[in-house]
Amino acid sequence: MIASERDTADNVIEICGVTRQFGTKRALNHISLAVPRGIVFGLVGANGAGKTTLIKHVLGLLKAQSGSVRVFGLDPVKEPVKVLSRIGYLSEEGDLPGWMRVDELMRYMRAFYPTWDEAYAQDLRRQFNLDPAAKVKTLSKGQKARAGLIVALAYRPELLLLDEPSSGLDPIVRRDILGAIVRTIADEGRTVLFSSHLLDEVERISDRVAMLKEGRILFTGELDEIKQTHHRLTLRFDDERQQAPRIDGVLSWEGRGCEWTAVASGRLDALTIAASALGAEVIEQKALSLDEIFIAQVGRPLAPAEEV
Amino acid sequence: MQLHISSHDGVPIYLQIVNQVKYLVASGRLEPGHELPPIRTLAEQLLVNPNTVARAYRELELAGIVTKRRTAGTYVSETASPLARRERLKIVTERIDALLAEARQMSIDSDELMELIQERDELMTENRARRSNHDRE
């Protein structure tokens, strides 16, 4: 079943018109977002776009200044225990108690979560090759991330929240993290929300993505749909042009003379018709990676009409 | 079943899986009756979303390439062979289109191109004959 067919009432996360101001900086600007159960939702955006602030609202670590946040239908600020006991969370910093040994950390976390699955936890520890007697602070960055992953997964949370989990990690640890996401989602009914600026990872595992820029959602949708509505087109004109042509939906132009390449969003047939209306022939057409779409979408200045 | 997913080439991942399975069936590397890995296993192996693998399997089933059996499990269809030729032709047609487009841009007309193909084919046949002679010696 694809996500758009789901009952909208079955949203694990519902964010409605949330705005957050830090001093003079508006970190979130009227954000509305719904994450249905059973999908992987990827949050992408440049540094400072508001991804971490948004995730902190889901965790109830920040209270919405306006608008509302509901997780499992509950307000995470008012009912932190009920909400947090069902969320597994891993952040870039990892903030684990460094003075604990790995086995102590696992025992400690187990005490908090009635659903802790000790066999699964030990499985992961062996698979990740973590020494139970090692102090957390002596672990490498990659091993710390693995320890963080164990304590985020071992109680089999309904919602896994990952904030830049792969940042600064080597490819093997990143593989472990991706594997954990895949296994989590393969368990019926579990949901993953993760932020990343590694767009090839996002593209591999997300059902839906939202692209943030300066505290606003540039666009959000099914990944397949986003990919189907973005194209790179190369046009050939009969005469040389001094300036880039104007076509609705084109995000960026490159080229000179008779050949111009556009990155565009919109339906392919509409773009082709617009091109031929200008007397151009589409000589090449290619699908784009999420990375290329991101650069085209985020790189362009926000239109004045989009300012709130 | 070895598949390779690239998140850089723009083709949606479910379509990459569909195309590669079709190709493996068309080339005979996946035989009728062969069982495809379970969705979860393939998702973990390729590190892609299980929903994506499920979608690819659905498309393959709709295209008649694979069949779901009641006892669970997805198998390459017994009837996949007549379709395989169509798929083979489709794959080659795509390559020919790309070749034609490129030739046209370099102002090489189709007669010239046909001659070139003929030449290359003869060369390839010759080489193959020489190699098999060499093997026999």
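Keep in mind that this is a model prediction, so the values were computed, not measured.

1. Describing unusual backbone geometry
Residue and element names in this part refer to chain A.
Point 1. The phi torsion at H30 lies on the positive side, around 50°, for a residue other than glycine.
Point 2. Structurally, H30 can be placed in strand 2 (residues 25-36).
Point 3. You can call H30 partly exposed: its relative accessible area is 48%.
Point 4. Of note in this structure, E164 is not a glycine but carries a positive phi near 45°.
Point 5. Mapped onto the elements, E164 comes out in the loop between strand 6 (159-163) and helix 6 (171-186).

2. Observations regarding the interface of chain B and chain A
Point 1. The interface of chain B with chain A comprises 21 residues on the first partner and 25 residues on the second.
Point 2. With both chains or domains summed, chain B and chain A bury close to 2,000 Å², and 48% of this area falls on carbon and sulfur atoms.
Point 3. Of all residues in chain B, B:S7, B:L47 and B:N49 give up the largest surface area on contact with chain A, accounting jointly for 30% of the area buried on that side.
Point 4. At the surface where chain B touches chain A, the tally comes to seven residue pairs in polar contact (both at pLDDT 80 or more).

3. Regarding the domain arrangement of chain A
By a widely used convention, the size of an interface equals the accessible area lost when the partners come together.
Residues and elements named next belong to chain A.
Point 1. For chain A, the assigned domains read domain 1 (8-226) and domain 2 (229-298).
Point 2. Taking the mean C-alpha position of each, domain 1 and domain 2 sit 37 Å from one another.
Point 3. If you look at the interface, domain 1 gives 14 residues, while domain 2 gives nine residues.
Point 4. Taking both sides of the interface into account, the surface hidden between domain 1 and domain 2 amounts to around 1,000 Å²; carbon and sulfur atoms contribute 71%.
Point 5. Three residues stand out in domain 1 for area buried against domain 2, namely L199, M211 and I226, and they jointly supply 42% of the buried area on that side.
Point 6. There are zero salt bridges connecting domain 1 and domain 2.
Point 7. Summed over the shared surface of domain 1 and domain 2, the result is five residue pairs in polar contact (both at pLDDT 80 or more).
Point 8. Elements supplying a minimum of two residues to the side of domain 1 that touches domain 2: strand 3 (40-45), helix 7 (199-205), strand 8 (208-213), strand 9 (216-222) and helix 8 (223-228).
Point 9. Residue composition of the side of domain 1 that touches domain 2, by class: 10 nonpolar, one polar and three charged.

4. Here's the deal with the packing of helix 6 of chain A against helix 2 (residues 39-46) of chain B
Point 1. Where helix 6 of chain A contacts helix 2 of chain B, the two axes come as close as 9 Å, and the packing angle between them is 160°. By the angle between their axes, helix 6 of chain A is roughly antiparallel relative to helix 2 of chain B. Relative to helix 2 of chain B, the crossing made by helix 6 of chain A is right-handed. On helix 2 of chain B, the residues touching A:R175, A:V182, A:R183 and A:A186 of helix 6 of chain A are B:R40, B:A43, B:E44 and B:Q45.
Point 2. When grouped by side-chain class, the residues that make up the contact of helix 6 of chain A with helix 2 of chain B number three nonpolar, one polar and four charged.

5. Remarks on the sheet that holds strand 2 (residues 66-68) of chain B
All names here are of chain B.
Point 1. Spatially, the three strands line up as an open sheet ordered 1-3-2, and their pairing is antiparallel. Every interior strand has two partners, whereas the edge strands, strand 1 (35-36) and strand 2, have only one.
Point 2. Where strand 1 lies against strand 3 (residues 74-76), two bridges are found, and the strand directions are antiparallel. Opposite L36, over in strand 3, you have T74 as the bridge partner.
Point 3. Strand contacts of helix 3 (residues 50-62): strand 1, strand 2 and strand 3, with the helix running at about 105° to strand 2, the strand carrying the most contacts.

6. Structural notes on the confidence of the model for chain A
Residues and elements named next belong to chain A.
Point 1. When pLDDT is averaged along chain A, the result is 88, and 94% of the positions lie at 70 or above.
Point 2. Segment residues 1-8 is flagged for pLDDT under 50; beyond a separation of four residues in sequence, or across chains, it makes 14 contacts in the model.
Point 3. Low pLDDT, under 50, characterises residues 304-308; the stretch is placed with eight contacts to residues that sit more than four places away or in other chains.

7. Thoughts on the sheet that holds strand 11 (residues 250-265) of chain A
Residues and elements named next belong to chain A.
Point 1. Strand order in this open sheet of three strands is 11-10-12, and the pairing throughout is antiparallel. Where the open sheet ends on each side, the last strands, each with one partner, are strand 11 and strand 12 (280-287). Between one strand and the next, the sheet's axes are offset by a mean angle of 25°, whatever the strand orientation.

8. Considering empty space enclosed by the protein
Residues and elements named next belong to chain A.
Point 1. Applying the stated rule across the entire model yields two cavities of 30 Å³ or more.
Point 2. Taken as a whole, the largest cavity holds about 60 Å³ of empty space.
Point 3. Taken together, the residues of the lining of the largest cavity break down into three nonpolar, one polar and four charged.
Point 4. Put simply, the second largest cavity is a space of about 50 Å³.
Point 5. Taken together, L233, L235, I247, V250, W253, A262, A264, L271 and A275 make up the lining of the second largest cavity.
Point 6. Secondary structure elements with two or more residues in the lining of the second largest cavity: strand 10 (230-241), strand 11 and helix 9 (268-277).
Point 7. Here the residues of the lining of the second largest cavity are counted per class, giving nine nonpolar, no polar and no charged.

9. A few points about helix 5 (residues 141-153) of chain A
Residue and element names in this part refer to chain A.
Point 1. For helix 5, spanning 13 residues, the distance from its first C-alpha to its last is 18 Å, which sits close to the expected 18 Å at 1.5 Å a residue.
Point 2. When you tally the buried positions in helix 5, you get 11 out of 13 residues, the bulk of the element.
Point 3. Here helix 5 has its buried residues at G142, Q143, A145, R146, A147, G148, L149, I150, V151, A152 and L153.
Point 4. The secondary structure elements touched by the buried residues of helix 5 are strand 5 (87-91), helix 3 (102-112), helix 4 (118-127), strand 6 and helix 6.

About the thresholds
Residues numbered from 1 in each chain as written. Chains lettered and ligands numbered in written order. Predicted model: local features only at pLDDT ≥ 70, side-chain atom pairs only at ≥ 80, totals over all residues. Heavy atoms only, no water. Helix = DSSP H or I, 4+ residues; strand = E, 2+ residues; numbered from the N terminus. Buried < 20%, exposed > 50% of the residue type's maximum accessible area, 1.4 Å probe, protein only. Contact = heavy atoms within 4.5 Å. Buried area = accessible area lost by both parts, 1.4 Å probe. Polar contact = N/O pair within 3.5 Å; in protein donor to acceptor, adjacent residues only side chain to side chain. Domains from an automatic or database assignment. Salt bridge = Lys/Arg side-chain N within 4 Å of Asp/Glu carboxyl O. Nonpolar A, V, L, I, M, F, W, Y, C, P; charged D, E, K, R; others polar. Axes fitted to C-alpha atoms, helices over the stretch in contact; angles between N-to-C directions. Parallel < 35°, antiparallel > 145°, perpendicular 65-115°, else oblique. Left-handed = near helix turned anticlockwise from the far one by under 90°. Pairing = 2+ DSSP bridges. pLDDT = per-residue confidence, 0-100. 1 Å grid on protein atoms, 1.4 Å probe; cavity = no way out; pocket = protein on both sides within 12 Å on 5 of 7 lines; lining within 4 Å. Points joined across faces, edges and corners; volume = space filled by probe spheres on them. Expected span 1.5 Å × (residues − 1).

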